[in-house]
Every structure is written in C-alpha cells, then in structure tokens.
Amino acid sequence: EAGVAQSPRYKIIEKRQSVAFWCNPISGHATLYWYQQILGQGPKLLIQFQNNGVVDDSQLPKDRFSAERLKGVDSTLKIQPAKLEDSAVYLCASSFTGTGTTDTQYFGPGTRLTVL
Amino acid sequence: ELKVEQNPLFLSMQEGKNYTIYCNYSTTSDRLYWYRQDPGKSLESLFVLLSNGAVKQEGRLMASLDTKARLSTLHITAAVHDLSATYFCAVKSWTTNAGKSTFGDGTTLTVKP
C-alpha cells in the first residue's frame, strides 16, 4: 500500500514570496490533515478535511494560509505571503476516518520550508 | 485549552538499561497516541491507547494509560541503539478539543553503547 506522498520535499523562499505544498493521501482515506512542525516542537494541526469539507481550521492563520482538497483526494496548502516564522516542516497525514477506531494517522515525509 | 507535556525532553541512556518517558495532559482524553520520529523523517504510529488501564507492548516498548491521573508512560526495556529517535505523545479529546490531536514537544532518546 502506497503511503502519503508530499511534494516538494524542500523549499527555500524569501519572505513575502508565495509557496504551495501538495499532498496525496493514502487511497480510500477520507480524512486529511496538515500540520506545521517547528524545529524542536511537536506537530501543530493547521487544518483537517473530511472528504472535501473542512472539519477544523481554527489554528490556520487565514490571513496568509489557505488550503483546499478538491474532489476529496489531493490537497494543497498555500502560504502567501510567507514570513520568517513560517520556516518549519509541513506534514500531511491521512486516516481512514476522523473518528472511531480507524482514526490512526499516517504521515507523509513532510516539506521542509525555509524562509529567508 | 488542552496542554500536553512530556518529560524528559532529552534522554541519553546506555544500552541494556530501562527507562520511562512520561506524558501528562491537562483535560479529559478520548484517545492517546505514541509516535516515533527518526531524524529527518516523518512520524510513525506506535500505539493507540483507548481507555483507562490500557497497556500495549511491541518489542522493547510498552505504553500505558491512566486517565484518572491524566498520564501515559512509554517504558523502554533493555534499550538498544535502534531505539534512538524522538518519541511524541498526542492526545485526542472530543469534549475539550473538538476531536483534534494535540502533540507534546517530544522526547529525544539517544541510546549509547
């Protein structure tokens, strides 16, 4: 079974530029998550999708971050414009469901973003 | 707000020794997870603990949950070098955190020969 795919793996941009990350979840997984992991910290949930609807985006800085999940499969996360404090690893995860005993999350390899 | 604290944050231990990592959380939990992260890699699920008194074991790792004390432990038995990694606990709560998982800051374990 293929895992969660993310691209790119690394991205270096200057502040005020825009950047987009892509995620392809495990086939059949209805729930998709985007996390931000700052060096030395645990992942922080940015947004959670159930199919193509948003379940929770309470910690997403909506003035600069946006995310979509078209057709309930792939997802993109965009930052526009980027700030220095956005430097982090952006992790995508998916689970079969968001609740119940099948909510174990499977994580992708992450995208390491450096903002200069 | 749900807070999750792990300790210690850094742990250096000798091969063959035993040790315990602690995960404390501030409100009621519905589920507790342990993950492993190798340097530069993503998170790998180790255990899911569903109820008070739950205990799960895989190889040299054993996780337990005490919901009354709001505490989970990850016990390492006879450590080997391959266990060197960062271990995260995460707590999911529907009543206090709308079903989101909140992660601790991780415990970085280094096992020395």
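Residues numbered from 1 in each chain as written. Chains lettered and ligands numbered in written order. Predicted model: local features only at pLDDT ≥ 70, side-chain atom pairs only at ≥ 80, totals over all residues. Heavy atoms only, no water.

**Student:** Sorry if this is basic, but what is going on with the overall build of chain A here?
**Tutor:** Secondary structure summary: chain A contains zero helices and 11 strands in total. Beginning at the N terminus, the succession of helices and strands in chain A can be written as β-β-β-β-β-β-β-β-β-β-β. Based on the C-alpha atoms only, the size of chain A along its principal axes is roughly 40 × 25 × 25 Å. Here chain A, with 116 residues, has 46% of them falling under the buried criterion. Contacts in chain A between residues far apart in sequence, at least 24 positions, make up 54% of those at least 6 positions apart. As displayed, chain A has an accessible area near 5,700 Å², and 52% of this comes from carbon and sulfur atoms. The average position of the 12 basic charges and that of the 10 acidic charges among the side chains of chain A differ by 6 Å. (Helix = DSSP H or I, 4+ residues; strand = E, 2+ residues; numbered from the N terminus. Buried < 20%, exposed > 50% of the residue type's maximum accessible area, 1.4 Å probe, protein only. Contact = heavy atoms within 4.5 Å. Areas by Shrake-Rupley, 256 points an atom, 1.4 Å probe, with all protein chains shown as cover. Lys, Arg positive; Asp, Glu negative; His and termini not counted. Charge placed at Lys NZ, Arg CZ, Asp CG, Glu CD.)

**Student:** Can you help me understand the sheet that holds strand β3 (residues 19-24) of chain A in this one?
**Tutor:** Hydrogen bonds between backbone atoms are what pair the strands of a sheet, whose relative direction is either parallel or antiparallel. Residues and elements named next belong to chain A. Pairing is antiparallel in the open sheet, where four strands are placed in the order β1-β3-β8-β7. Among the strands making up the open sheet, the edge pair consists of β1 (5-7) and β7 (65-68). Across the sheet, the axes of successive neighbouring strands diverge by a mean angle of 15°, strand direction being ignored. (Pairing = 2+ DSSP bridges. Axes fitted to C-alpha atoms, helices over the stretch in contact; angles between N-to-C directions.)

**Student:** Looking at this structure, I do not really get the pairing of strand β6 (residues 55-58) of chain B. What am I missing?
**Tutor:** Residues and elements named next belong to chain B. Here four bridges tie β6 to strand β7 (residues 61-66), and the two strands are oriented antiparallel to one another. The residue of β7 that forms the bridge with Glu58 is Leu61. Taking the residues between adjacent antiparallel strands as the criterion, β6 and β7 are bridged by two residues, where Gly59 takes a positive phi near 60°.

**Student:** Can you walk me through the interface of chain B and chain A in this structure?
**Tutor:** The figure often quoted for interface size is the accessible area lost as the parts come together. Contacts between the two partners involve 18 residues from chain B and, on the opposite side, 22 residues from chain A. Both faces considered, chain B and chain A share a buried interface measuring about 1,500 Å² in area, 48% of it formed by carbon and sulfur atoms. It is B:Ser42, B:Lys100 and B:Phe103 in chain B that bury the most area against chain A; as a group they hold 30% of the surface buried on that side. Along the contact surface separating chain B from chain A lie three salt bridges. Between B:Lys100 and A:Asp56 there is a salt bridge whose closest N-O contact spans 3.2 Å. In this assembly, chain B and chain A are joined by seven residue pairs in polar contact (both at pLDDT 80 or more). (Buried area = accessible area lost by both parts, 1.4 Å probe. Salt bridge = Lys/Arg side-chain N within 4 Å of Asp/Glu carboxyl O. Polar contact = N/O pair within 3.5 Å; in protein donor to acceptor, adjacent residues only side chain to side chain.)

**Student:** Would you mind going over the layout of surface pockets with me for this structure?
**Tutor:** Any empty space left between the atoms is revealed when a probe the size of a water molecule rolls over them. By volume, the largest pocket is sized at about 640 Å³. A:Gln37, A:Leu39, A:Gly40, A:Arg112 and B:Gln37 are the residues nearest the centre of the largest pocket, which is lined by 31 residues in total. The biggest single contributor to the lining of the largest pocket is strand β11 (residues 111-115) of chain A, with four residues. Of the residues in the lining of the largest pocket, the class split is 13 nonpolar, 13 polar and five charged. Roughly 420 Å³ of internal volume is contained in the second largest pocket. If you trace the second largest pocket, you find 19 residues lining it, with A:Lys44, B:Glu1, B:Leu2, B:Thr102 and B:Phe103 closest to the centre. Considering each element in turn, the lining of the second largest pocket owes the most residues, four residues, to strand β10 (residues 100-103) of chain B. Partitioned by chemical class, the residues of the lining of the second largest pocket number five nonpolar, eight polar and six charged. (1 Å grid on protein atoms, 1.4 Å probe; cavity = no way out; pocket = protein on both sides within 12 Å on 5 of 7 lines; lining within 4 Å. Points joined across faces, edges and corners; volume = space filled by probe spheres on them. Nonpolar A, V, L, I, M, F, W, Y, C, P; charged D, E, K, R; others polar.)

**Student:** What is the right way to read the packing of aromatic side chains from this model?
**Tutor:** Here a ring pair, both rings aromatic, is described through the centre-centre distance and the interplanar angle of the planes. All chains considered together, the criterion is met by nine aromatic pairs over all chains. With a centroid separation of 5.6 Å and an interplanar angle of 85°, the aromatic rings of A:Tyr35 and B:Phe103 are classed as edge-to-face. Within this pair, whereas A:Tyr35 is found in strand β4 (residues 31-37), its partner B:Phe103 is found in strand β10, the two belonging to separate chains. Summarising the burial analysis for this pair, A:Tyr35 and B:Phe103 share the class buried. Feature note: the residues A:Tyr33, A:Tyr35, A:Phe107, B:Tyr33, B:Tyr35 and B:Phe103 constitute an aromatic cluster, connected by ring pairs. (Phe/Tyr/Trp six-rings, centres within 6.5 Å; stacked < 30°, edge-to-face > 60°.)

**Student:** Can you help me understand the state of the cysteines in this one?
**Tutor:** Two cysteines joined by a covalent bond between their sulfur atoms form a disulfide. Residues and elements named next belong to chain A. According to the stated counting rule, one finds two disulfides over all chains in the structure shown. For Cys23, the disulfide goes to Cys92, at an S-S distance of 1.9 Å. Looking along the S-S bond of the Cys23-Cys92 disulfide, the torsion reads about -70°, which is the left-handed sense. Of this pair, Cys23 sits in strand β3 while Cys92 sits in strand β9 (residues 88-95), and the two are 69 residues apart along the sequence. (Disulfide = S-S within 2.5 Å.)

**Student:** Whenever I open this one, the environment of B:Thr95 confuses me. Can you help?
**Tutor:** Along the chain, B:Thr95 turns up in helix α1 (residues 94-97). Residues within four places of B:Thr95 in sequence aside, it is in contact with B:Thr28 and B:Asp30.

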